[in-house]
Amino acid sequence: MSPVHIVGGGLAGCEAAWQIARAGVAAVLHEMRPHRATEVHKTAGLAELVCSNSFRSDDAEASAIGLLHEEMRRLDSLVLAAADSSKVPAGGALAVDRDGFSRAVEAAIAAQPLITVERGEIAGLPPAGWGNAIVATGPLTSPPLAEAIRALTGEDSLAFFDAIAPIVYRETIDFDIAWFQSRYDKTGPAGTGSDYINCPMDEAQYEAFIDALLAADKTEFQDWERDTPYFEGCLPIEVMAGRGRETLRFGPMKPVGLTDPRSGRRAHAVVQLRQDNALGTLYNLVGFQTKLRHGEQARVFRAIPGLERAEFARLGGLHRNTFINAPRLLDPALRLRAAPRLRFAGQITGVEGYVESAAIGLLAGRFAAADGLGRSFAPPPPTTALGALLGHITGGAEEAVFQPMNVNFGLLPPLAERRRGRDRKRAYCARALDDLERWSGGAADAAE
């Protein structure tokens, strides 16, 4: 039995390789770093987290992303196991020490005897001699491979921009002004209810900050980039500010659920910082992804109360992401219609987010393993987060207006009974986990 080749050692590629090996099929994982770097990766480690260190809400009872976490845990996800082993305090969210997370994934891959890691760029489509292969190169697919995909499919890859938030050293934050508190004192996977650093602003400070954001020098786009849109879920903070002066107060700088211990009152606006590493020495500015020039970032962000003497471990940036029109190009088993020996997984399929990318890697790996073993593999029910996400990118979304999508309850079939609010979300989650349990049991029976 030939091994399955996976191109790309990010979250989706590592998850796919893990699922393949756990099914008893050999996998070869190809990663081009360190032989070829990208614009934003800093290490050669597998599953390096480039943007945020947050996997978002871990609430499996009333959150679509938390539901996806739980479904993946129940299906032996490597990415969720590594996240759980490297988590840091983040209120109700699952956030990780990014270096610890990468090390955990790499250690698990290295310890799995059926997985071989090969370093070096695959400058084009996987060779026909490989047979069963998965392309999981992510949003930063190398130009030769991206061009080969375009030539094969007859489609231009779609693209959008993602922005990266700055990281500051905790010891340079002024705690005579800032304080620790999670919104509504909420605890989470590794939290205590005091997991975020909060920097308050009064109305005058907020207005001055908005003025500074709007006036600051931004990174200029090249001619070929000018028509590329932003991803709405990861807008630069200055772009949000440009949509209205109150936008940030109802977005990343909303003050609700937070009380300044010095005044006993809610501030006009609050900048939150989330722990970025296990040591607690680094904190990232939540929602402060930006395309401001580096010198402007230091000037503008040091105007935030409590960050006047902040030193930055990393400044923000902007990078271009690429994804295919998956509803048009992929079949329900994630195979490329123009070349069914190839599957696609991860962000290149048009899912957005670390967990969603790994989820599609999990499914691609299971589909590929079943092919290798000569067995059938039924996709998860559409009532599950996994099934809904898969269905969306393989036909549920409109081809003409396809854009990257995070998992959300709107992708799931409606409930039989009308419910509202948190009760509605709980019903979606309960139904999904019940259906997943029945499906995974049946899948296990079929594999025997």
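Everything below is about the structure shown above.
Here's what I pulled together on the structure shown here. Please read all numbers here as calculations on a predicted model, not as lab measurements.

Let us look at the nonpolar core. Among the nonpolar cores identified, the biggest contains 94 residues, and Phe55, Leu68, Phe101 and Ile134 are the most heavily contacted of them. Among the elements that line this core, the one with the most residues is helix α10 (residues 354-373), at twelve residues. Setting aside residues no more than four positions away along its own chain, Ile134 makes contact with Val4, His5, Ile6, Val7, Ala16, Ile20, Arg343, Ala345, Ala364, Gly365 and Ala368.

In an α-helix, one turn spans 3.6 residues, which is why side chains three or four residues apart end up on the same side. Burial runs high along helix α2 (residues 64-74): nine of the eleven residues are buried. Every buried residue of α2 is listed here: Ala64, Ile65, Gly66, Leu67, Leu68, His69, Glu70, Glu71 and Met72. One side-chain oxygen at the N-terminal end of α2 lies 3.4 Å from the backbone nitrogen of Ile65; it belongs to Ser63. Downstream of α2 by one or two residues, Asp76 has phi in the positive range, about 60 degrees.

Here we come to α10. Across its 20 residues, α10 extends 29 Å between first and last C-alpha, which sits within 8% of the 28 Å expected from 1.5 Å per residue. Buried residues dominate α10, accounting for 16 of its 20 residues. Backbone geometry just after α10 places Gly374 at a positive phi near 70 degrees.

A few words now on the pattern of salt bridges. As enumerated under the stated definition, the model contains 22 salt bridges in all. A salt bridge links Arg419 to Glu417; its shortest N-O distance comes to 3.7 Å. For Arg419, a relative accessible area of 35% corresponds to the partly exposed category. The class of Glu417 is exposed, set by a relative accessible area of 54%. Beyond isolated ion pairs, a larger network of salt bridges with shared partners links Asp58, Arg73 and Asp84.

Judged by pairing direction, the sheet is mixed, and its six strands sit side by side in the order β6-β2-β1-β7-β17-β16 without closing on themselves. Of all strands in the sheet, those bounded by a partner on one side alone are β6 (115-119) and β16 (335-336). Across five bridges, the pairing between strand β2 (residues 27-31) and β6 is parallel. Across the sheet, Glu31 pairs through a bridge with Arg119, a residue of β6.

Between α2 and α10, the shortest axis-to-axis distance is 11 Å and the interhelical angle comes to 35 degrees. Here α2 runs over α10; the crossing is left-handed. Seen from α2, the contacting residues are Ile65, Leu68, His69 and Met72; seen from α10, they are Val355, Glu356, Ala358, Ala359 and Leu362. A class-by-class count of the residues in the contact of α2 with α10 yields seven nonpolar, one polar and one charged.

Turning next to the environment of Glu417. Take Glu417: it is sitting in the loop between α11 (385-396) and α12 (421-447). It is 9.4 Å that separates the C-alpha atoms of Glu417 and Ala427, two residues lying ten residues apart in sequence.

This brings us to the pairing of strand β11 (residues 196-201). Across the six residues that make up β11, a large majority, six, are buried. What you see with β11 is no split at all: Tyr196, Asn198 and Pro200 on one side and Ile197, Cys199 and Met201 on the other are buried throughout.

The next subject is the environment of Leu145. Positionally, Leu145 belongs in helix α5 (residues 143-153). Taking the C-alpha atoms as reference points, Leu145 and Gly124, separated by 21 residues in sequence, lie 4.2 Å from one another. Setting aside residues up to four positions removed in sequence, Leu145 forms contacts with Val7, Ile122, Gly124, Leu125, Val135 and Thr137.

Side-chain alternation along strand β5 (residues 93-96) places Ala93 and Ala95 on one buried face and Leu94 and Val96 on a second face that is also buried. Alignment of strand β3 (residues 54-57) against β5, held across two bridges, turns out to be antiparallel. Considered in β5, the bridge of Ser57 is made with Ala93. In this structure, the hairpin formed by strand β4 (residues 87-88) and β5 is closed by a connection of four residues, where Gly91 is found at a positive phi of approximately 60 degrees.

The rules behind each value
Residues numbered from 1 in each chain as written. Predicted model: local features only at pLDDT ≥ 70, side-chain atom pairs only at ≥ 80, totals over all residues. Heavy atoms only, no water. Core = buried A, V, L, I, M, F, W, Y, C linked by side-chain atoms within 4.5 Å. Buried < 20%, exposed > 50% of the residue type's maximum accessible area, 1.4 Å probe, protein only. Helix = DSSP H or I, 4+ residues; strand = E, 2+ residues; numbered from the N terminus. Contact = heavy atoms within 4.5 Å. Polar contact = N/O pair within 3.5 Å; in protein donor to acceptor, adjacent residues only side chain to side chain. Expected span 1.5 Å × (residues − 1). Salt bridge = Lys/Arg side-chain N within 4 Å of Asp/Glu carboxyl O. Pairing = 2+ DSSP bridges. Axes fitted to C-alpha atoms, helices over the stretch in contact; angles between N-to-C directions. Left-handed = near helix turned anticlockwise from the far one by under 90°. Nonpolar A, V, L, I, M, F, W, Y, C, P; charged D, E, K, R; others polar.

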